[in-house]
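Per-entry structural report
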Amino acid sequence: MVETGTLRVTRKHLLQGAALSAAFLIGAIAPHVAHAQQRPIPETSDDVRRVPIPPIDRSKEPVVVLTGGTLLDGRGGAPIANAVVVLQGDRIVAAGSAGTPVPANAARTIDATGLWILPGLIDLHIHFTQQRGTDMGRYSDSTAAAAIRGTILADQMVTAGITAARDVGTMDDVALRIKEAVDRGMIRGPRVMWSGKLIASTGGHGDEVTSTATGREKPNLGGDPHGVDGPWEWRKAVREQVRRLSDWIKISAPADKEELAAAIEEAHSLGVPVAIDSYGQYTDWAIEAGVDTLEHPLLLSDKAVPLMKKHGTAFVPTIGAFDNLLDGGYPTAGIPSGGFYYTHSRRFVINQQDHLKRVNEAYRAGVPIGVGTDIPFENEWRYPDAYFRELDYLHQAGMTNADVLASATSVGAKILRMGDKLGTIEPGKIADILIVGANPLDSLKNLRDVRYVIADGKLVVEGRSR
């Protein structure tokens, strides 16, 4: 107790007063704190992780202007004839009709008269490091070999106008290092989003003893399982991939319902999206748990498409990965005709007509559909042909040319979780641009006629004509 004249103040009174003062102070500043927390981070990394980075001053970067071409900006409007696109550094600063202001200090002007300007293309399902092909048995594999293969494939992609790619399963950290090398300007390639190591249950897809392509026993397994089991192990596996700087998480089936849900919930709690390579009831479970993208149209149930529509799941069908009717009877993913032979984890038939019907069903239901090739490296001689054939397969499945082109650009960017930075040509977006010789809306084959490629604001291909 403290006595001051006639005022008697007890310890209880002091504590009550302090509590009231603290409450008042918190009440006074809390709205300001909350407001500050809601402010967007001014500058982030140009990937799905959105790591805060120091502000970048682009005002001194060189200005490049594209003039005279017809612009397909990817926003769904009519083509813009005699367009102007202004780039500064790695960003688009203006895009529109001939009246668009052009800075006087342009370092370069590219005359695109008679050509068509559109956003760079996106491949949502690639494997930079996987070794699979007709002669794979002749060569031992290693991380160094995988890096060499992946570097070559990256160059093939960007020179064809594919300026962004998602690697959905890699050897060690090779895809991450390819991503970093592209970012640093050490090699030519697309913007890479990588998914780290495929997370599989013991004996599940990705942990089979035998190859689904050849039936031969995989090297270096020694019979020991590499999979993870139980919801907590799946959560931990997700955390390990996020720790390794993964942009996406890739999971596979078969797996327990609770395992799939745990992995998806854990990834989402960390702000990282999830792709699944699945089939049958496992696909339905994953969709219900909130998986972001479904890879491949394998053994889909009649409930799958309605569930995708209900839950907002995107679909990357990789149709060409399983069709051996073209390219000398060898599909891009190297899977033999008819099914996944010699494997315990995938005992079902592959039917290409069923795949096309499921893609058509998803398209008519309004499910977002992206473009992915599932091409492993030893099929590199099929790239970029495999990408353009995939576009044709989507057209065969009932999609219009305009919608296929959107899947390859704006829709693909949204699926990638990069829709605010990629997929359209408008101010503020990353300068990933493809210029072709003829209208791709008339024929998707015109995308093969590459004249210029600009990736991250850098001119990668100049003046090439096929």
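What this report covers is the structure whose coordinates are included nearby.

Each value, and the rule that gives it
- Residues numbered from 1 in each chain as written.
- Predicted model: local features only at pLDDT ≥ 70, side-chain atom pairs only at ≥ 80, totals over all residues.
- Heavy atoms only, no water.
- Helix = DSSP H or I, 4+ residues; strand = E, 2+ residues; numbered from the N terminus.
- Buried < 20%, exposed > 50% of the residue type's maximum accessible area, 1.4 Å probe, protein only.
- Contact = heavy atoms within 4.5 Å.
- Areas by Shrake-Rupley, 256 points an atom, 1.4 Å probe, with all protein chains shown as cover.
- Arc of directions from axis to C-beta.
- Pairing = 2+ DSSP bridges.
- Right-handed = clockwise from strand over helix to strand, strands pointing away.
- Salt bridge = Lys/Arg side-chain N within 4 Å of Asp/Glu carboxyl O.
- Core = buried A, V, L, I, M, F, W, Y, C linked by side-chain atoms within 4.5 Å.
- Phe/Tyr/Trp six-rings, centres within 6.5 Å; stacked < 30°, edge-to-face > 60°.
- Lys NZ or Arg CZ within 6 Å of the ring centre and 35° of its normal.
- Axes fitted to C-alpha atoms, helices over the stretch in contact; angles between N-to-C directions.

Quick word on the overall build of the protein chain
Scanning the protein chain for helices and strands turns up 11 helices and 18 strands. Each of the 466 residues in the protein chain was classed as buried or not, and the buried ones make up 52%. Restricting the contact set of the protein chain to residue pairs at least 6 apart, pairs at least 24 apart contribute 68%. A total of about 20700 Å² of accessible surface is found on the protein chain, and carbon and sulfur atoms cover 54% of it.

A short note on helix 7 (residues 304-311)
All buried positions along helix 7 are accounted for by Ala-304, Val-305, Leu-307 and Met-308. Axial view of helix 7: buried residues confined to an arc of 160°, hence all on one face. The inward-facing, buried residues of helix 7 abut helix 6 (280-289), strand 14 (293-295), strand 15 (314-316) and helix 8 (352-365). Positive backbone phi, approximately 75°, marks Gly-312, located one or two places after helix 7.

Topic: the environment of Leu-71
Within the fold, Leu-71 resides in strand 4 (residues 70-71). According to the relative accessible area criterion, Leu-71 is buried, its value standing at 2%. C-alpha of Leu-71 to C-alpha of Asn-439: the two residues are 368 residues apart in sequence and 10.0 Å apart in space. Excluding anything up to four places from it in sequence, Leu-71 contacts Ala-78, Pro-79, Ile-80, Ala-83, Val-85, Ala-95, Gly-96, Ile-117 and Ile-425.

Observations concerning the sheet that holds strand 4
With mixed pairing, 5 strands are arranged side by side in an open sheet as 4-8-16-17-18. Edge positions in the open sheet fall to strand 4 and strand 18 (458-462), since each of these has one partner strand only. In terms of strand pairing, strand 4 meets strand 8 (residues 116-119) through 2 bridges, oriented parallel. Looking across to strand 8, one finds that Thr-70 is bridged to Trp-116.

What to know about unusual backbone geometry
Cis rather than trans, the peptide bond between Ala-253 and Pro-254 has omega equal to 5°. Tracing the backbone shows Pro-254 in the loop between strand 12 (249-252) and helix 5 (257-269). A positive phi angle is found at Leu-299, which is not glycine, with a value near 45°. Mapped onto the fold, Leu-299 is located in the loop between strand 14 and helix 7.

A few points about the side chain of Ser-410
If you trace the backbone, Ser-410 turns up in helix 11 (residues 410-415). Here Ser-410 is in contact with Gly-74, Gly-423 and Thr-424, once residues within four sequence places are set aside.

Details of the pairing of strand 10 (residues 162-167)
Across the 6 residues that make up strand 10, a large majority, 6, are buried. Of the strand pairs in this sheet, strand 9 (residues 121-126) and strand 10 are connected by 4 bridges, and their pairing is parallel. By the bridge assignment for strand 10, Ile-122 is matched with Ala-164. Sheet analysis places strand 10 next to strand 11 (residues 191-194), joined by 4 bridges and oriented parallel. By the bridge assignment, Arg-166 is partnered in strand 11 with Met-193. Crossover handedness for the path strand 10 to helix 3 (residues 174-183) to strand 11: right-handed.

Observations concerning the pattern of salt bridges
One pass over the structure, following the stated rule, counts 29 salt bridges. The partner of Glu-180 in a salt bridge is Arg-177, and the shortest N-O contact between them spans 2.8 Å. Of this pair, Glu-180 and Arg-177 both sit in helix 3, 3 residues apart, which is roughly one turn of the helix. The partner of Asp-292 in a salt bridge is Arg-417, with the nearest N and O atoms 2.7 Å apart. Separated by 125 residues along the polypeptide, Asp-292 in the loop between helix 6 and strand 14 and Arg-417 in the loop between helix 11 and strand 16 (433-436) bring together distant segments of the chain. Of the residues examined, Arg-417 reaches a relative accessible area of 34% and is grouped as partly exposed. Salt bridges sharing partners connect three or more residues here, namely Glu-43, Asp-46, Arg-58, Asp-90, Arg-91 and Lys-421.

Thoughts on the nonpolar core
Formed by 85 residues in total, the largest nonpolar core has its most connected members in Phe-128, Ile-249, Ile-251, Phe-315, Tyr-387 and Leu-391. Per-element accounting of this core gives the leading share, 6 residues, to helix 9 (residues 385-396). One finds Leu-87, Ile-425, Ile-433 and Ile-454 within the second-largest nonpolar core, a separate group that totals 17 residues.

Observations concerning the packing of aromatic side chains
Geometry of an aromatic ring pair is reported as the spacing of the ring centres plus the angle between the planes. Per the stated rule, a full pass over the model turns up 3 aromatic pairs. Relative to Tyr-282, the ring of Tyr-279 has its centre 5.4 Å away and its plane inclined at 75°; by these criteria the two rings are edge-to-face. Judged by its relative accessible area of 18%, Tyr-282 is buried. Note on Tyr-387 and Phe-388: the rings are 5.8 Å apart at their centroids and 90° apart in plane angle, and the pair reads as edge-to-face. As far as the burial class goes, Tyr-387 and Phe-388 line up, both buried. Through a chain of ring-to-ring contacts, three or more aromatic side chains come together here, namely Tyr-279, Tyr-282 and Trp-285. Sitting over the ring of Trp-248, Arg-166 keeps its end group 4.6 Å from the ring centre.

Quick notes on the side chain of Ser-45
The residue Ser-45 is located in the loop between helix 1 (11-38) and strand 3 (63-67) in this model. Other than its neighbours up to four places away in sequence, Ser-45 contacts Arg-50, Val-51, Ile-53 and Lys-421.

Some points on the sheet that holds strand 3
The sheet built from 4 strands is open, its strands ordered 6-5-3-7 with mixed pairing. If you trace the sheet from one side to the other, it starts and ends with strand 6 (91-96) and strand 7 (108-111), each paired once. The average undirected angle you get between the axes of adjacent strands in this sheet is 15°.

Re the environment of Lys-357
With respect to the helices, strands and loops of the structure, Lys-357 is situated in helix 8. The class of Lys-357 is exposed, set by a relative accessible area of 58%. Through-space distance from the C-alpha of Lys-357 to that of Pro-297 is 9.6 Å; in sequence the pair is 60 residues apart.

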